Amino acid sequence: MNGGRPRILVTGRDGQVARSLRERAAAHGDFDLVFAGRPDLDLARPGTVAEAVVGQRPDLVVSAAAYTAVDQAEREVEAAMAVNAVAPGEIARGAALLGVPVIHLSTDYVFDGTKRAPYAESDPAAPLGVYGHSKLLGEQAVARATANHAVLRTAWLYGPFGRNFLRTMLRLAQEREVVRIVDDQIGNPTSTLDLADAILAIARNLLRGDDPALRGVFHLAAGGSASWADFAEEIFRCSLSFGGPAAAVERITTTDYPTPVRRPADSRLDCARVLAFHGVGLPHWKASVRPAVEAACVAMKAGTA
């Protein structure tokens, strides 16, 4: 440790979760974060990953980087599997060699969305496409490599930076008066900044001891739920209040907007377990959209978005 502060290795440098962790860790001040990416840590070359993790000598590893192009994964199966299915096991193996915990981020897309109620960790996974399948295999690889893990399934991530739905909506509102948004897919829009705070809180818990109740699979997403159209309307409502771009939302169905991969119609996550064992719960999604929109609008006006 450096000056008594735990050293956390985060996979990925420029992803929205990594950037959010950098910002929130600076606010908390009790961790030293190290961000590793290509060429030093290349998840597309899994045979090299464990060694790269060990070389950083962290006290805890956050496995945040992933292949996230859901539709493109159907065409790039080998790449998606290397990064999402194989590399997480290598990351966890490196953590195991050091005897340190690993936090691995996964997704609501491991479910098919047919339950019609929020998914608990014990519900059977049934991914609809290569992306979801690769993430599920990654979870399993982490569990095989080490018991000292927390797999966090999250959903519909957005923030003031990076590539995400919120940023896309604000960009489209600069170009169009009306946007057509799917209204029959439901989930938990989750702020990456809220997620980062929660990851750091869970890291503290894991570093305090080896309680097995703090290990395993947990669901971690915002409170409340929304359709993509609901989410878009809230983004535009907030943007208007900051003098930012806005557009009218035309609500459409999934069949009106065909994609290569079928998305889960209802991938809401039940997050009671992470609250019970880690004492962590995220705010309602509407409470977190506003500050994210404000930050994105400021960046757009400054030309730094």
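Each remark here, short or long, concerns the structure printed above.
Below, the structure is looked at part by part.

Turning our eyes to something else, we now look at the nonpolar core. Residues I103 and I235 are the most contacted members of the largest nonpolar core, which totals 66 residues. Leaving out residues up to four positions away in the same chain, I235 has contacts with F165, L166, M169, L170, V289 and V293. Membership of the second largest hydrophobic core comes to 27 residues, among which are V34, A80, M81 and V261.

Taken as a whole, this structure holds 1 cavity of 30 Å³ or more when the rule is applied. Space inside the largest cavity adds up to approximately 50 Å³. Lining the largest cavity, in full, are V70, Y109, F111, L128, G129, Y131, G132, V261, R262 and P264. Along the lines of polarity and charge, the residues of the lining of the largest cavity split into 7 nonpolar, 2 polar and 1 charged.

Tallying each qualifying case throughout the model produces 8 aromatic pairs. Between F165 and W228, the ring centres sit 4.8 Å apart and the planes meet at 50 degrees, which makes this aromatic pair tilted. Of the two residues, F165 sits in helix α5 (residues 165-175) while W228 sits in helix α7 (residues 228-241), which places them 63 residues apart along the sequence. Assigned by exposure class, F165 and W228 land together as buried. Site record: aromatic cluster; members linked through ring pairs are W156, Y158, F165, W228, F231 and W285. Against the face of F35 rests R22, its NZ or CZ located 4.0 Å from the ring centre. Here the guanidinium or amino end of R273 rests over the ring plane of F218, the centre of that ring lying 4.3 Å away.

So, on to the packing of α7 against helix α9 (residues 285-302). For the pair α7 and α9, the least separation of the axes is 9 Å and the interaxial angle reads 50 degrees. For the element pair α7 / α9, the angle class is oblique. Note that α7 runs across α9; the crossing there is right-handed. Between α7 and α9, the contacting residues are D230, F231, E234, I235, C238, S239 and S241 on the first element and W285, K286, V289, R290, V293 and C297 on the second. When the residues that make up the contact of α7 with α9 are grouped by side-chain class, the tally is 7 nonpolar, 2 polar and 4 charged.

The next thing to look at is the pattern of salt bridges. Summed over the entire model, instances satisfying the criterion amount to 15 salt bridges. A salt bridge links D230 to R251; its shortest N-O distance comes to 3.0 Å. Of this pair, D230 sits in helix α7 while R251 sits in strand β12 (residues 248-252); the two residues are 21 residues apart in sequence, bridging distant segments of the chain. The salt bridge partner of D266 is R268, with a shortest N-O separation of 2.7 Å. Of the two residues examined, D266 and R268, each falls in the buried class. Among the ionic contacts, a cluster of salt bridges with common partners joins D183, D230, E233 and R251.

Thresholds applied
- Residues numbered from 1 in each chain as written.
- Predicted model: local features only at pLDDT ≥ 70, side-chain atom pairs only at ≥ 80, totals over all residues.
- Heavy atoms only, no water.
- Core = buried A, V, L, I, M, F, W, Y, C linked by side-chain atoms within 4.5 Å.
- Buried < 20%, exposed > 50% of the residue type's maximum accessible area, 1.4 Å probe, protein only.
- Contact = heavy atoms within 4.5 Å.
- 1 Å grid on protein atoms, 1.4 Å probe; cavity = no way out; pocket = protein on both sides within 12 Å on 5 of 7 lines; lining within 4 Å.
- Points joined across faces, edges and corners; volume = space filled by probe spheres on them.
- Nonpolar A, V, L, I, M, F, W, Y, C, P; charged D, E, K, R; others polar.
- Phe/Tyr/Trp six-rings, centres within 6.5 Å; stacked < 30°, edge-to-face > 60°.
- Helix = DSSP H or I, 4+ residues; strand = E, 2+ residues; numbered from the N terminus.
- Lys NZ or Arg CZ within 6 Å of the ring centre and 35° of its normal.
- Axes fitted to C-alpha atoms, helices over the stretch in contact; angles between N-to-C directions.
- Parallel < 35°, antiparallel > 145°, perpendicular 65-115°, else oblique.
- Left-handed = near helix turned anticlockwise from the far one by under 90°.
- Salt bridge = Lys/Arg side-chain N within 4 Å of Asp/Glu carboxyl O.

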